[in-house]
Amino acid sequence: MKKTVGQGRRWEAALSGVTRTIQALRDPKGAAQEELAERRAAGTLKNLARNGDFSATVRDKQFPAEWNTWQDEGSKGRFVFDSAVGGGSAKATQVKNGCYLQSHPAQPGETYALEAECRTTGATVASLLVRCQRADGSWVRWDSDATFTFSGSREQWARAFGLLAVPDHAAKLVILLNAEHQLSDGGACWFDNVGLYRMEEAK
Ligand SMILES: [Ca+2]
C-alpha cells in the first residue's frame, strides 16, 4: 500500500490534464460545468451570446436586440420584450411552434456549451436547441441538432444546459429558444440569461 501513496498525483503531473480528460469522457456535462465555473472565477469566461440577458431592446423597447424570430405558418403568436420579468427577458405568447434565434460563426471540431433559463405558464413546452448551418445558410444534417430540456421549478426559472460538438461542413451555429403548444391565452414563456461558451481544446 505504502508504495502507491501519491502515485495519483505523479500521474497527474506527468500527464497534465489526464484527470480532466477522463472526467470529460465519463461525464462531459459535469466536466464542462466545472471548466466554466473555473473560468468564470478566473474572469476569463467570455459569453459569446449577444444580449443574452435581454437588457437591450430595439423597435421602441418592444423587442430584444440581437435576436430574430421564426414561427410556423399556422402559428400566430407574439414575441415581445418584457421589462417586468428577469430585469428584461424575451417573452413568447400563443406560439404553437416558433422560436427566438441567434446565429454565431463556428468551425467543425469546436465544442460549445450552451445555457438558458425559462419560465412558463399554461401549456407551454419550451426547449433550448442548437442547430448548425453551412456557409450558404443550408442546414447541416438534422441528426446533429441538439435539444436541451429545461429542468427545475415550473413556475420559477428552469434551466437548460448542454454541449454541442460542431459537425463537419458547419460554418455557423444557431441558438433556438423554442416555444410550442401555447394554445390558450394563459400560455406564455420568458427566456433569459442565455450563455454560449467555446470550450477549451483537450490538451
Ligand atoms: Ca434579464
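Since this is a predicted model, take the numbers as computed values, not measurements. (Residues numbered from 1 in each chain as written. Predicted model: local features only at pLDDT ≥ 70, side-chain atom pairs only at ≥ 80, totals over all residues.)

## Examining the overall build of the chain
Okay, so step 1: The number of helices and strands found in the chain is 3 helices and 12 strands.
Okay, so step 2: The buried share of the chain, taken over its 203 residues, is 28%.
Okay, so step 3: Taking all contacts inside the chain whose residues are at least 6 apart in sequence as the whole, residues at least 24 apart take part in 70%. (Helix = DSSP H or I, 4+ residues; strand = E, 2+ residues; numbered from the N terminus. Buried ≥ 20, exposed ≤ 12 C-beta atoms within 10 Å, placed from the backbone. Contact = placed C-beta atoms within 7 Å.)

## Notes on the pairing of strand 6 (residues 97-105)
Okay, so step 1: Both strand 3 (residues 68-71) and strand 6 contribute to a ladder of 4 bridges, which runs antiparallel. Each bridged residue has a counterpart across the sheet, and for W70 the counterpart in strand 6 is C99.
Okay, so step 2: Relative to strand 11 (residues 172-180), strand 6 runs antiparallel, the two sharing 9 bridges. Counted as the bridge partner of H104 is L173 from strand 11. (Pairing = 2+ DSSP bridges.)

## Overview of the sheet that holds strand 6
Okay, so step 1: The strand order across the open sheet built from 5 strands is 3-6-11-8-9, with neighbouring strands paired in antiparallel fashion. Because the sheet does not close on itself, it has two edges, and the strands there are strand 3 and strand 9 (146-149). With strand direction ignored, the average angle separating the axes of adjacent strands in the sheet is 25°. (Axes fitted to C-alpha atoms, helices over the stretch in contact; angles between N-to-C directions.)

## A short note on helix 3 (residues 28-42)
Okay, so step 1: The end-to-end C-alpha distance of helix 3, which contains 15 residues, comes to 21 Å, matching closely the 21 Å that a straight helix rising 1.5 Å per residue would cover.
Okay, so step 2: A positive backbone phi angle near 75° is found at G43, which sits one or two residues after helix 3. (Expected span 1.5 Å × (residues − 1).)

## Overview of the nonpolar core
Okay, so step 1: A90, L173, L177, C189 and F191 are the most contacted members of the largest nonpolar core, which totals 36 residues.
Okay, so step 2: Broken down by secondary-structure element, the contributors of at least two residues to this core are strand 4 (78-82), strand 5 (89-93), strand 6, strand 7 (111-121), strand 8 (125-133), strand 10 (158-165), strand 11 and strand 12 (188-198).
Okay, so step 3: The biggest single contributor to this core is strand 12, with 7 residues.
Okay, so step 4: When sequence neighbours within four positions are dropped, the list of residues in contact with L173 reads H104, A106, Y112, V130, C132, L164 and V166. (Core = buried A, V, L, I, M, F, W, Y, C linked by C-beta atoms within 7 Å.)

## Considerations on the confidence of the model for the chain
When pLDDT is low, close inspection of the predicted coordinates is not appropriate.
Okay, so step 1: Confidence in the prediction of the chain, expressed as mean pLDDT, is 89, and 90% of residues score 70 or more.
Okay, so step 2: Mean pLDDT across the elements of the chain ranges from a minimum in helix 1 (residues 7-14), with 62, to a maximum in strand 6, with 97. (pLDDT = per-residue confidence, 0-100.)

## Quick notes on the sheet that holds strand 12
Okay, so step 1: Strand order in the open sheet formed by 5 strands is 4-5-12-7-10, and the pairing between neighbours is antiparallel. Whereas interior strands pair on both sides, the edge strands pair on one side only; in this sheet they are strand 4 and strand 10. The mean angle between the axes of side-by-side strands here comes to 30°, regardless of whether they run parallel or antiparallel.
Okay, so step 2: In this structure, strand 5 lies alongside strand 12, joined through 4 bridges in antiparallel fashion.

## Quick word on the environment of S103
Okay, so step 1: Mapped onto the elements of the fold, S103 is located in strand 6.
Okay, so step 2: In this structure S103 touches K172 and V174, once residues within four positions along its chain are discounted.

## Some words on unusual backbone geometry
Okay, so step 1: One non-glycine residue, K61, lies in positive phi territory at about 65°.
Okay, so step 2: Turning to its location among the elements, K61 is positioned in the loop between strand 1 (57-58) and strand 2 (63-64).
Okay, so step 3: The class of K61 is exposed, set by 12 C-beta atoms lying within 10 Å.
Okay, so step 4: Even without being a glycine, N193 presents a positive backbone phi close to 50°.
Okay, so step 5: In this structure N193 comes out as partly exposed when scored by C-beta crowding, with 18 C-beta atoms within 10 Å.

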